[in-house]
Structures are given as C-alpha cells and as structure tokens.
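Structure assessment
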Amino acid sequence: MMEITEGSHAVAHAVKLCRPQVIAAYPITPQTHIVEALAGMAADGEIDCEYITVESEFSALSACLGASAAGSRVYSATTSQGLALMFEVCFNVAGLRLPVVMTIANRALGAPLSIWNDQQDSISLRDSGWLQFYAEDNQEAADLHYLAYRVAEDHRVLLPAFVCFDGFVLSHTYEPVNVASQEEIDRFLPPFQPPQRLDSKDPISMGMYATPEYYMEFRYETDAAMHRANAVIQEAGMAFDEIFGRNYCGLTESYRLDDAETVFIAMGSICGTVKDAIDQMRDEGEKVGLLRIRCFRPFPLEEVRAALRNAAVVAVLDRNISLGSRGAVVLEVRDALYGSGVKVLGYIIGLGGRDVTKADIRKVAQLAKSGEGDLFYGLRREVL
Amino acid sequence: MRELRIHGRGGQGSVTAAELIAVAAFEGGVYAQAFPAFGVERRGAPVQAFVRFSDKKIRLRSQVYEPDYVIVQDSTLIGDVNVFSGMKPGAVAIVNTERPLTRQVPSEITLITLDATGIALEVLGLPITNTTLMGAFAAATGEITTSALEDAIRARFSGDLATKNIEAARRAESLVKGVA
C-alpha cells in the first residue's frame, strides 16, 4: 500500500517488520526520528523487543554486540559523530561475525561541526567489515533493511550491515513509499538462526585472543565472507523481486548505460538528480548514463568492470574524501578498470550539505568530456 | 512538475506546512515530495521548506530555485532573504503581512497578501500561521483540495487543536477566494 511518510518513519516501520528482539540506540541529528519512533512502538507494545536506553553510541553498539552474541536479532541507528564513537565496537561486531543491522542517516563529520549530509561517516568505516548499502530514495531505504537482515544472517555471510540513507535529504523527506505488510516480510525474512550463541547453560567463548599464528586466518575468513556476500545479495534481491516486484538483483543499478560514452558513478540520493540531468542531456543528444553503486561493501568489482567496458570517460561523484588521497569511490572504480584504458575522473562534491543541482551534474559532464577531473567541484574560491 | 518554496523562521511551522501540503497533494492523487532546508537549528532563524508536485515519481533531490509558488510566513524576512528569487513569470507568491508590501516585488508574478498572523491570533490564540497560509495556498493554486487539507491537519493534530487549525485554514481560504 502506498503511503506518504517521512523517510525516518518509513525506516522505523521497516525495522519493526523485521521483528528485532533488541534495540539499543542513542539519538543524534538527523537520525533521531527513527529511534524516537521505534522507542514509541516499543513502549506501546507494537513491537515485541527489548528497547535499551543507553548513555552513548559506544554503549548502544556494545549492547547490540552482546545481544547479538546471545542470539538475538538486533538493531541500532546512528550518524556522523555517533558512528565515530562506535568505531572500536564496529570492528569487534564484524570480527565476531555478528549480523547486527544499523541505519546510518549519513552526515558530515566535524570539525567544523556540520549537521548536514555527506557520506564521510559510513565511508570512514569502509574497512571495518560491515556490509554497506546506500539508498537512492525512501522506498529503497526501507527495502534495504529487509535485504540487509536476510544477507547479514545468512550462514554463508554472518557479517553486520549498514543501511545508509542521506541525512535530511532522505531522512526528513516526505514522499510516497510502498509499505510492506508483516505477512510479506515474514515470507521474505525467516527468524535469525545463530550458528552459535552465548548461553550460560552451554558456555562458549567468542572473540578470544588471537596470537600471530591465528590472527591472519581470522581476517582471511572475514574477508572471504564479505566476498561470498556478493552472490547472497543477488540471491536475496531476486527473492525480494518475486514477492515485492522491486528489483535489487544487482549490487549496482544501470541507468541509460547501454550506449553511454560519459558515465557517472555515484551513491545515494544524488543519483535521482543525476538521472533527471541525464534525461535532459539525452534529449539534447548527449550519450550519458549512470552506474549507481547500491552496495559499496562488498565492492561489486566485476559488475562495475562489465558495466563500464564501453565507456569513454567515467565521472565518479564522491561525497567523501580520503584526505591526502581521493574520494573512496573513485579509488575503487580505478582499481576495477585497471588496465582497461577507460578514463576515470573523480569529483569531490556536495560535502557538508552543499546542494547539488541538475546544472551541477551537467557541468561535471562537460568537465569529464574535456578531461578535467580529480578536483573539488563547486568550491567558493572567494572564501578560501 | 510544480515546485513550492516556503520561507519562515524556526518555530513558525514551515516544515510542518510543507509536509501537510505534500500529504494533501498525495491524497489528491499526485506524487509529492516535501523536505526542509535547516540553517542553524534554533527558533527565529530563517528556514526554508520545499514541496514538489508531479504526475510522475519525483527523483530530483536539489533544493527549489525556480519556484512556481512561494509562501512567506514572515514578511520581516523580505530583504534579509530574497524570498522571490527565481520565481517564474506567472508564479504565485502568498505573503503574510498586515500592510501592503513596500519592498520590490517582481512585476510578472501574482502576489497575494493576507494578515495570516491576525487570523491565527484570533482563531488559535497563537501567532503560528502555517495552517492559515495552507488554506490560502489551496485557494490560490488548486494544488490541494480543502477536504484533503483538512484530512491532513486532522491526521497531524488532535481534537480542539485540529478543529481550530482547520478553522484558520478555512478563513484564509475564503478570504483568498474572495480576492481571486
């Protein structure tokens, strides 16, 4: 059923349908509306879960770690500085192979303080071992939670997952969303069956000391699980499509790509604006297209390579930067296309809530065509 | 696609107005998108909120720079903020003001002024003008129907508060219809 609702509430409703057994979260702008709604549902008995009120994000994810190790389906949500405070726990959750699902309402990191949107927060946890999904709109933001739990809890994967959606731009946007029913989600998402769990009647140890004789093998196993997730995501995407008729079969989405010479690559809500700009440019005879990265971890190396085979130039829009290097996405794309001869140019764009318009996208296309790239787009030189 | 930009100050309910207009438009059978652009998060600071209306799914995520409609909740913003910026010829601006606007208004737009603060104070007992201006918007543009607007208000506010806000919207609506 189509309803018009705020992005945060669409996400909260999706989380409810996933039947989490433990939620621990700490409010932070622009994520607050999600956990506020879930706390309300828990208090009203609409959702059968333990809602743990904590004093910080560090505690929130620590509580989730413990609850997941005890065999529960758990949920949290955060953003920006809150995610930064979870840094240590993030690596532990992944290393312990606990399928925690957490929403990230993407926001810039301080200093200077910014409450506005970019993707620096989740990108900075790139190497932590969490799956990373990025939503273009609020329909996808809701749907990716169902998908994330199913993939994370699959015994071939057993890794935690971020569902990322742009703070304010999606979290605070009202738009129509097709709301799933509990019965549909129960068909798609079976209950969590932990392969092992903490149980005082049958004690085990988890996350013990790993000496140099063992540590590398743990890292290898975790990396292998991340790579196996690629096929599991596609499988789950197909199962989702069968029930809901919405296609998440790939880790990427191609838009008007077939004969495209200039190809944009981007993640998240900016892709909607890119699509509208592409339609305009196509009407004017420009051969442009978009490859949207829906899943950044695992990175869909083969999909990207295959999709960009015939491109003349690739313009990668990064709403993050690895200071002293480049945007995180352009580095991946260059790696994927190494040796192919396809030109890859990076554009740092829309940091800290700087608005990105169709006109901006058209200008980037012009820059890419003329070979100008690897730059910050739209800098206000007068304030430098 | 048609676009609305709402100018107000933090605490005047601009974001709520955008949301309720989008809800009413969606109920009327079109795709709608509403979103805020916060400045600093405090009362009194200039705030913008946006609504898009379309027969097709809306993908565009940028802010609104060339609006078909503008609502100004507080005329003291005019001058500090270029509230009429980018308005297309024939676009409609609805401005809450007690007296005629002395500042320059683009000649090619349709300007509707009303004392929404006066109506809100009388009906609600509070100078919160968002629902009053929503009534004016319904009458001036036809983007939302009165009944959809009233449903949206009822879904957001309860009891007496809903009734009063609907009354405020109705007053503005009949006032603007009388003008138009």
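Provided above is the structure to which this section pertains.
Keep in mind it's a predicted model, so treat the numbers as computed, not measured.

**A word on the packing of aromatic side chains**
Applying the stated criterion to the full structure yields 13 aromatic pairs over all chains. Geometrically, the ring pair formed by Phe296(A) and Phe299(A) is edge-to-face, given 6.0 Å between the ring centres and 85° between the ring planes. With respect to burial, Phe296(A) and Phe299(A) carry one shared label: buried. A ring pair is formed by Phe53(B) and Phe137(B), whose centres lie 6.1 Å apart and whose planes are at 20°; its orientation type is stacked. Residue Phe53(B) is located in strand β3 (residues 46-54), and its partner Phe137(B) is located in helix α3 (residues 130-141); the two are separated by 84 residues in the primary sequence. Classification of Phe137(B) as buried rests on a relative accessible area of 0%. These aromatic residues form a ring-pair network of at least three members: Tyr146(A), Phe188(A), Phe240(A), Phe244(A) and Tyr248(A).

**A few points about the environment of Ala266(A)**
Residues and elements named next belong to chain A. The residue Ala266 is located in strand β10 (residues 262-266) in this model. The class for Ala266 is buried, based on a relative accessible area of 0%. Through-space distance from the C-alpha of Ala266 to that of Leu291 is 7.0 Å; in sequence the pair is 25 residues apart. Setting aside chain neighbours within four positions, we find Ala266 in contact with Cys271, Leu290, Leu291, Arg292, Ile293 and Leu317.

**Things to note about unusual backbone geometry**
All names here are of chain A. The omega angle of the peptide bond from Ala111 to Pro112 is 0°, so this bond is cis rather than trans. Residue position: Pro112 is located in the loop between β5 (101-106) and α6 (120-123). Between Arg297 and the following residue, Pro298, the backbone shows a cis peptide bond with an omega angle of 0°. With a phi close to 45°, Leu158 is a non-glycine residue in the positive phi region. Of note, Leu158 is situated in the loop between α7 (138-153) and β7 (161-166). Located in the positive-phi region is Asp374, a residue other than glycine, with phi close to 55°. By secondary structure assignment, the location of Asp374 is in the loop between α13 (358-369) and β15 (375-376).

Rules behind the numbers
- Residues numbered from 1 in each chain as written.
- Chains lettered and ligands numbered in written order.
- Predicted model: local features only at pLDDT ≥ 70, side-chain atom pairs only at ≥ 80, totals over all residues.
- Heavy atoms only, no water.
- Phe/Tyr/Trp six-rings, centres within 6.5 Å; stacked < 30°, edge-to-face > 60°.
- Buried < 20%, exposed > 50% of the residue type's maximum accessible area, 1.4 Å probe, protein only.
- Helix = DSSP H or I, 4+ residues; strand = E, 2+ residues; numbered from the N terminus.
- Contact = heavy atoms within 4.5 Å.

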